[in-house]
Structure formats: structure tokens, C-alpha cells
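Remarks on the overall topology
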Amino acid sequence: MANPNAHGAQHGHDSHGGGHSGSLKSYVIGFVLSIVLTIIPLVVVMNDMFSKQVNTLIILVMAILQFAVQLLFFMHIRDEEKPRFNLIALIFGLVIMLTIVAGSIWIMTYNAVAT
């Protein structure tokens, strides 16, 4: 082998494992947001602050925000050279996941055998 970094140089990557790394500030902001978005539903549920429906809504909203924080600050979804392909794959994965979750809820709700 002539140069172990030749493969990385051909594809535009630096020798540190890829060109898409976040700054320490970005990681700290993402970490703090993740902690806050985890603590909020925990406090709401543990202290019985709202009704069951409002608690569920708060948990879902915080989960969606947590998902966005993970994608933006840790997965660097906005830093890709061609983010459209990753976005299409992400949307497809979300459609599959939502189909499975909705189907599971449907089956659990309308299961005639369980009643």
C-alpha cells in the first residue's frame, strides 16, 4: 500500500474520519437541550401537573423536539453535501415507523379477542 490516506483524499474526507464534525459549542447546546427536553416530561408526569391527555401531548411534543435536536446537533443532518438524499431516506423511515405504530395502536384498540 502506498498511502493509507489515499482513499480518504480521493473522496474529499480529511484524515480524522470525515469532514462533518460539530464544534464543542454545538455539542454542548445539543446536550443541554436534550437534558431539558428529557426533564420536562419527567417532571410533568412525576408531579401529576396535568390531565392524562395533556401529559401525553407534552410527552409527544418533547419527543419530537428531542428527535429534531438529535438530528440537527448530533447527526449533522443540515451539514451534508447532498442532504436531500438523507432527508428522503429519513422521511421514508418515518413513514414506515408511523405506519407500524399506527397499525399497532389500531390492533390494540380494536382487538375483539382481548375484550
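The rules we used
Residue positions are given per chain, counting from 1 as you read along its sequence in written order. Local features in this predicted model are restricted to residues whose pLDDT is 70 or higher, and side-chain atom pairs enter the listing and the counts only when it is 80 or higher, whereas totals over whole chains, interfaces and linings include all residues. For the side-chain quantities, the full set of heavy atoms in the structure was used; hydrogens and water were omitted. Here the axes come from fitting lines to C-alpha atoms, over the contacting stretch only for helices, and the angles between their N-to-C directions go from 0 to 180 degrees. Each helix corresponds to a stretch of at least 4 residues labelled H or I by DSSP, and each strand to a stretch of at least 2 residues labelled E; elements are numbered beginning at the N terminus. Note on terminology: angles under 35 degrees are roughly parallel, angles over 145 are roughly antiparallel, angles of 65 to 115 are roughly perpendicular, and the others are oblique. Aromatic rings from Phe, Tyr and Trp, with only the six-membered ring used for Trp, were paired whenever their centres fell within 6.5 Å, and each pair was classed as stacked if the ring planes differed by under 30 degrees, edge-to-face if by over 60, and tilted otherwise. Any residue under 20% of the maximum accessible area for its type is buried, any over 50% is exposed, and the rest in between are partly exposed; the area is computed with a 1.4 Å probe on protein chains only. A residue's pLDDT is the predictor's confidence in that residue, given on a scale from 0 to 100. By definition, residues are in contact when any of their heavy atoms lie within 4.5 Å.

1. Looking at the packing of helix α2 (residues 24-46) against helix α3 (residues 52-74)
At their nearest, the axes of α2 and α3 sit 10 Å apart, and the two run at 170° to each other. As summarised for this structure, α2 and α3 are arranged roughly antiparallel, according to the angle between their axes.

2. Considerations on unusual backbone geometry
For D48, which is not a glycine, the phi torsion comes out positive at approximately 45°. Locating D48 in the fold gives a position in the loop between α2 and α3.

3. Let's talk about the packing of aromatic side chains
What the rule picks out here adds up to two aromatic pairs. Geometrically, the ring pair formed by W106 and Y110 is tilted, given 4.8 Å between the ring centres and 50° between the ring planes. Considered together, W106 and Y110 belong to a single accessibility category, that of exposed residues.

4. Here's the deal with the confidence of the model for the chain
Counting all residues, the mean pLDDT for the chain is 79, and 77% of those residues have values of 70 or more. Per-element averaging of pLDDT across the chain places helix α1 (residues 6-10) at the bottom with 48 and α2 at the top with 94. Counted against residues more than four places away or in other chains, residues 8-19, with its pLDDT under 50, gives five contacts.

5. Digging into the environment of L37
Its location among the elements puts L37 in helix α2. Judged by its relative accessible area of 11%, L37 falls in the buried class. Along the chain, L37 and M62 lie 25 residues apart, while their C-alpha atoms are 5.7 Å from each other. For L37, the residues in contact, after removing those within four places along its chain, are M62, L65, Q66 and V69.

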